[in-house]
Amino acid sequence: MGTAVRTGDVIIILSDDEDAEEDISCNDQSVVIVEAQDVKKSDCAVAPVALDEDLVITFSRRAEVLPHARYDCPEHVFTATDDTGAPAAGNQLMCDQCFCYICDKLASLCEMWCCSGLCHCNSHKRSDSWNNLRNGLLLGGLQRFNLTLSELDSHLRHAETMLQSFKLRLSAKFASFLRGETLEEHGPSDLNPKGRIFNYTPVYEFVSSFLNEADEQEDRAAAVLRLGAAEVFIPHFQVSGSYISHSPTANAVEARLALLQRYTHTDTHTQSQSNSFGYFPLVCFRRVIASVQRQMVMTSLTPEFIHKLQEFYQKLFFPPELKKMKSSLCVRPWDDVLLVSVLKGQNVSGVRKDKGRKDLLIEQIAVVLLRTELLQQQHRYRTDTRTHTRRPLAANQTPPGCVLAVCRYRELCRYLRVVESDDSKLLQQVRDLIPFFFCMDGSIAGGLHSLFPTVNAPAARLTPRLFLFYLRLFTTATAPAAARVSVSGSARVCFSDAAWQPMKDAVPLQDAVVVKFALRVQRCCPAVFADSQCWISLLRIVNPPTAIPEPPFEFLHEAKDVVGSILLDQHGSTVQIPRNFHEVYPAQALLLLVTGALGQRILRAALSPALPVLNTFKGNLWALGWLRDSLSSSPERLRSFSQELSREAGASTDGDNILRFLHSCAPAASSTEIRDQPDSRSDSWLHSHKTTRDSGSDSRRQNVARRTAMKRHRHHRHFNY
């Protein structure tokens, strides 16, 4: 035990007491681990110890002193005090490793170590005044953000340097603006030559360039730079002079608002000014408020850091014209109790009571749109039933053993249903797209149901383009891979021309359900009811290229009353198709139902273009004849519709194909007669079907079995409307 220790050996203290670790404690001084060095046997004398002791010391040596704060110095006693006037007893003494607590450098290099009035030698970490002085020196301008030294990194230190330089240069720019310039410097003018011009544009451009630099920084540094810049330029004011430039950014008040918010391309006032005075429109897309809001919602800023940004923003001075923007950064973090409960479906009202206080889920429309954007981008991954591997959240690639489920559309639907905002009109436009989010989630039935709630149905505000989108999605159970909602003045669905892909676990709706959906939309949405392309797409579903056998005459005759009753029933919340009407001839019944709705559309107003709509009946001319009979109830409208077809055929570039189609509809008239009589060629297809129907007895005899079945149920038929 008393032998010399070899170089490179490690000294180990052993203990056989299992509870020894619980009794180990350390003081405030540093704990130093040193490597063993060669020593002589005489230097390693070990005092005799009892053999039954638990702890055996084999070697000891005085530890080396590492760099430390003055108040932790092991050589000189330190007297704690808040006095800054003069050194306390012995505090000015130092060893070679003493550091200044304030300057964070060797005490021998501190210029204020014993300076009268501010003696750094008295500083220590247990004093708030000394801590504030230290933070102010090391944090600089970042101290106003209530940041701690542990939160500092190279990005934030660089941001603080940029802010200090920005403040000095902006001060010089604003001072130049306050001095103004003479009109002579801008060329001859008829105005008073002694007047001065005050143009804020150079200041605005300088701030804009700094904010552009901030956009390129790390997230936390960018947020600090933006709010730090806002603190400097918010107090700027406009100087009244004899002449002010009409540039959109010449006025300090208007330019300041532009820097805080954003100008859009639809700002007609700004565009008119820029066009009148020859200035290029200055558009600020990501200025302070919009950029910081986006960071709070879209980036990985911690809730603690977001709270510090909000506190800093609340302390800023806001002139009266900017008071309404004081709450712009009141953004709930993603781990907010109320927000989390709404996203998980645990709260369907958006109201939470906490200690007698009501907490309502009310957010600014910009925040609602940002959350909508993010929830569309994020993906949830579910467990693979074969490998039982689980991943909660991922970005772009599917983790091993996991199956890509869907975006967080379901959470988005829950959120949009209960959130309230300051812009109810735009919020309603986003809410109208909840059925789209349901469909993208794979729940086609849920999307269909959410189109027709009991009040304020989104179906009443569908655009023809979105109706066609739903129609294709319902019938094919496919969707474009990159479909998303974009909001720029109004909410709309954006998707590329890429191929549509099958949706996970989605099943196409039956044709009868799709027809009911289309008819309900036509009842409440005039835009869809009037659009020809919507009718073409719907008719292609029930009017396929392959011919549908013509049903018996009795079925066609009775279908007029049934279809009329269905279409005229405007009081029911749904479209009810009688079972007996749909069961016997299902395909024919749906075709006649849509054809009857088309007849009502033609009778109500002009349909343009109409020929592409009629072209869908090429494989089923008997349905076209049935349409002609339904239009005969209004001879005057039938005549005007014939004239519309005539004019449309004459103006069409595809005249030959149209004439061939009309000729096929009217075999009694030759193509020459049709060309020679343009006003009667559209009449010929309308009147020819009476002859076709009268001469179709042979066809009806072939359907005697179906007619017999119809007669069997004629007196027992009951229709539920």
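For the structure itself, look to the data block above.
Some details on the overall build of the protein chain
- On a plain count of helices and strands, the protein chain comes out with 29 helices and 14 strands.
- Within the protein chain, contacts between residues separated by at least 24 positions form 67% of all contacts whose residues are at least 6 apart in sequence.
- When the accessible surface of the protein chain is totalled, it reaches about 39700 Å², and 52% of it is carbon and sulfur.

Re the pairing of strand 6 (residues 351-354)
- In terms of strand pairing, strand 6 meets strand 7 (residues 357-360) through 4 bridges, oriented antiparallel. Across the sheet, residue Lys353 finds its bridge partner in strand 7, namely Lys358.
- With antiparallel pairing between neighbouring strands as the criterion, strand 6 and strand 7 make up a hairpin whose turn holds 2 residues, including Lys355 at a positive phi of roughly 55°.

Things to note about the packing of aromatic side chains
- Under the defined criterion, the tally for this structure stands at 21 aromatic pairs.
- Ring geometry for Phe166 versus Phe206: centroids 5.5 Å apart, planes at 10°, classification stacked. Taken together, the residues Phe166 in helix 2 (residues 154-179) and Phe206 in helix 3 (residues 201-215) connect sequence positions 40 residues apart.
- On the accessibility criterion, Phe166 (2% relative accessible area) is buried.
- Between the NZ or CZ atom of Arg220 and the centre of the ring of Phe305, over which it lies, the distance is 5.6 Å.
- Its guanidinium or amino end placed over the ring of Trp500, Arg472 lies 4.0 Å from that ring's centre, counting from NZ or CZ.

Quick word on helix 1 (residues 128-139)
- Taking 1.5 Å per residue, 12 residues should reach 16 Å; helix 1 reaches 15 Å between its end C-alpha atoms and fits that length.
- Listing the buried residues of helix 1 in full gives Trp130, Asn131, Arg134 and Leu139. Buried positions in helix 1, seen along its axis, are confined to an arc of 140° and lie on one side of it.
- In the core, the buried residues of helix 1 are packed alongside helix 2.
- A positive phi of about 65° marks Gly140, the residue just after helix 1.

Remarks on the pattern of salt bridges
- Inspection of the entire model under this criterion finds 16 salt bridges.
- Here Arg144 and Glu231 are joined by a salt bridge, their closest N and O atoms 2.6 Å apart. With a gap of 87 residues between them, Arg144 in the loop between helix 1 and helix 2 and Glu231 in helix 4 (residues 219-233) connect regions that are remote in the sequence.
- A relative accessible area of 41% places Arg144 in the partly exposed class.
- A relative accessible area of 21% places Glu231 in the partly exposed class.
- Counted as one network, the salt bridges with shared partners bring together Arg332, Asp336 and Asp359.

Side note on the environment of Ala477
- Secondary-structure assignment places Ala477 in the loop between helix 15 (464-476) and strand 11 (478-480).
- As for Ala477 and Ile444, which are separated by 33 residues in sequence, their C-alpha atoms are 7.7 Å apart.

Digging into unusual backbone geometry
- Looking along the chain, the bond that leaves Ser608 and enters Pro609 is cis, with omega of -5°.
- When you line up the elements, Pro609 lands in the loop between helix 21 (586-604) and helix 22 (611-615).
- Its identity is not glycine, yet Asn146 carries a phi of approximately 60°, on the positive side.
- Structurally, Asn146 is set in the loop between helix 1 and helix 2.

Let's talk about the sheet that holds strand 1 (residues 68-69)
- Taken in spatial order, the 3 strands line up as 1-2-3 in an open sheet, and their pairing is mixed. Taken across any chain shown, the strands that pair with only one partner, and hence form the sheet edges, are strand 1 and strand 3 (105-106).
- Relative to strand 3, strand 2 (residues 98-100) runs antiparallel, the two sharing 2 bridges. If you follow Cys100 over to strand 3, its bridge partner there is Lys105.

As for the nonpolar core
- Counting residues in hydrophobic clusters, the biggest one holds 100 residues, and the most contacted among them are Tyr470, Phe474 and Phe517.
- Once residues within four sequence positions are removed from consideration, Tyr470 is found in contact with Pro435, Phe436, Cys439, Leu451, Leu462 and Phe517.
- With 58 residues, the next largest nonpolar core counts Val207, Phe210, Ala221 and Ile306 among its residues.

Quick word on the packing of helix 4 against helix 8 (residues 303-314)
- Between helix 4 and helix 8, the least distance of the axes is 11 Å, while the angle of their chain directions is 5°. The angle between helix 4 and helix 8 places the two elements in the roughly parallel class. In this structure, helix 4 contributes Arg220, Ala223, Val224, Leu227, Gly228 and Glu231 to the contact, and helix 8 contributes Phe305, Leu309, Phe312 and Tyr313.
- Residues that form the contact of helix 4 with helix 8 fall into these classes: 7 nonpolar, 1 polar and 2 charged.

Re the environment of Leu361
- Tracing the backbone shows Leu361 in the loop between strand 7 and helix 10 (365-377).
- Of the residues examined, Leu361 reaches a relative accessible area of 1% and is grouped as buried.
- For the pair Leu361 and Leu339, spaced 22 residues apart in sequence, the C-alpha separation works out to 7.3 Å.
- Beyond its immediate sequence surroundings of up to four residues, Leu361 is in contact with Arg332, Leu338, Leu339, Val342, Gly350, Tyr415, Val418, Val419 and Glu420.

Points about the side chain of Asp432
- Position of Asp432 relative to the elements: it lies in the loop between helix 12 (424-431) and helix 13 (434-440).
- Residue class for Asp432 comes out buried when judged on its relative accessible area of 10%.
- Here Gln428 takes part through its side chain, which lies 2.9 Å from a polar atom of the side chain of Asp432.
- Apart from residues lying up to four places away in sequence, Asp432 is in contact with Pro458 and Arg461.

Observations concerning the packing of helix 3 against helix 5 (residues 252-260)
- At their nearest, the axes of helix 3 and helix 5 sit 11 Å apart, and the two run at 10° to each other. Classed by the angle they form, the pair helix 3 and helix 5 counts as roughly parallel. Where helix 3 approaches helix 5, its residues Tyr204, Val207, Ser208 and Leu211 are matched on the opposing element by Ala255, Ala258 and Leu259.
- Per-class residue counts for the contact of helix 3 with helix 5 are 6 nonpolar, 1 polar and no charged.

The rules behind these values
Residues numbered from 1 in each chain as written. Predicted model: local features only at pLDDT ≥ 70, side-chain atom pairs only at ≥ 80, totals over all residues. Heavy atoms only, no water. Helix = DSSP H or I, 4+ residues; strand = E, 2+ residues; numbered from the N terminus. Contact = heavy atoms within 4.5 Å. Areas by Shrake-Rupley, 256 points an atom, 1.4 Å probe, with all protein chains shown as cover. Pairing = 2+ DSSP bridges. Phe/Tyr/Trp six-rings, centres within 6.5 Å; stacked < 30°, edge-to-face > 60°. Buried < 20%, exposed > 50% of the residue type's maximum accessible area, 1.4 Å probe, protein only. Lys NZ or Arg CZ within 6 Å of the ring centre and 35° of its normal. Expected span 1.5 Å × (residues − 1). Arc of directions from axis to C-beta. Salt bridge = Lys/Arg side-chain N within 4 Å of Asp/Glu carboxyl O. Core = buried A, V, L, I, M, F, W, Y, C linked by side-chain atoms within 4.5 Å. Axes fitted to C-alpha atoms, helices over the stretch in contact; angles between N-to-C directions. Parallel < 35°, antiparallel > 145°, perpendicular 65-115°, else oblique. Nonpolar A, V, L, I, M, F, W, Y, C, P; charged D, E, K, R; others polar. Polar contact = N/O pair within 3.5 Å; in protein donor to acceptor, adjacent residues only side chain to side chain.

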